[in-house]
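Reading the structure
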Amino acid sequence: EIGAWTSIGDFGLDNNALSGTLPTVLGAWTSITGFHIFNNALSGTLPTEIGAWTAIDRFHVSDNTLSGVLPTEISAWPVIDTFYVDNNALSG
């Protein structure tokens, strides 16, 4: 189960034609620094649990079919160098 991964630096599954929604267990990856899942067919909302990420500095979820409001919890991210959410139906 991916929620059991407690020490992950950079996670990338871009350009894979993945579909479905992002699981809430991603919030357990508090030490993640890079999250790259762009150019897939992921849908649904971004889980609020990702607000628990304390080391994230690269976030790239462009070119999916994500929707809804960006979670306010991500405003707690201390440093973010790269933030790409374009070509989705996100607001906020």
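Residues numbered from 1 in each chain as written. Predicted model: local features only at pLDDT ≥ 70, side-chain atom pairs only at ≥ 80, totals over all residues. Heavy atoms only, no water.

**Focus: the overall build of the protein chain**
Keep this limit in mind: By the criteria applied, helices consist of DSSP H or I runs no shorter than four residues and strands consist of E runs no shorter than two, each listed in order from the N terminus. The reference for a compact globule is 2.2 Å times residues^0.38; the radius of gyration itself is calculated from the C-alpha atoms. Each residue's exposure class comes from its accessible area (1.4 Å probe, protein chains only) as a fraction of the maximum for that residue type: buried when under 20%, exposed when over 50%, partly exposed otherwise. Residue contacts are counted whenever heavy atoms from the two residues lie within 4.5 Å of one another. Here, Shrake-Rupley sampling with a 1.4 Å probe gives the accessible areas, and only protein chains in the shown set may cover a residue.
In terms of helices and strands, the protein chain carries zero helices and eight strands. Mapped from its N terminus to its C terminus, the protein chain presents α and β elements in the order β-β-β-β-β-β-β-β. At 12 Å, the protein chain has a C-alpha radius of gyration in line with the 12 Å of a compact globule built from 92 residues. If you line up the protein chain on its principal axes, its C-alpha atoms span 30 × 25 × 20 Å. Per-residue burial over the protein chain gives 36% buried out of 92 residues. Summarising the internal contacts of the protein chain: among those between residues at least 6 apart in sequence, 46% fall at separations of at least 24. Only carbon and sulfur atoms are counted for the fraction: they give 55% of the accessible area of the protein chain, which is about 4700 Å².

**Quick notes on the side chain of N88**
The following threshold applies: Side-chain atoms alone can form a polar contact between residues adjacent in sequence; in general such a contact is a pair of N or O atoms within 3.5 Å, and within protein one must be able to donate a hydrogen while the other accepts it.
Relative to the assigned elements, N88 resides in the loop between β7 (82-84) and β8 (89-91). There is a polar contact of 3.5 Å between the side chain of N88 and the backbone nitrogen of T65. There is a polar contact of 3.0 Å between the side chain of N88 and the backbone oxygen of V85. Once residues lying within four places of it in the same chain are set aside, the contact partners of N88 are V61, S62, D63, N64, T65 and L66.

**A closer look at the sheet that holds strand β4 (residues 41-44)**
Paired through their backbone hydrogen bonds, the strands of a sheet run either parallel or antiparallel. Applicable threshold: Two strands are said to pair when DSSP picks up at least two bridges between them.
Overall, parallel pairing links the four strands, which are arranged β2-β4-β6-β8 in an open sheet. On the outer flanks of this sheet lie β2 (19-20) and β8, each paired with one strand and no other. Note: β4 against strand β6 (residues 65-69), two bridges, orientation parallel. Bridge pairing in β6 places S43 opposite T65.

**Quick notes on the environment of I32**
Mapped onto the elements, I32 comes out in the loop between β2 and β3 (34-36). A relative accessible area of 0% means that I32 is categorised as buried. Distance in space between the C-alpha atoms of I32 and A4 is 13 Å, their sequence separation being 28 residues. Ignoring sequence-local partners within four residues, the contact set of I32 consists of I8, G9, F11, W53, A55 and I56.

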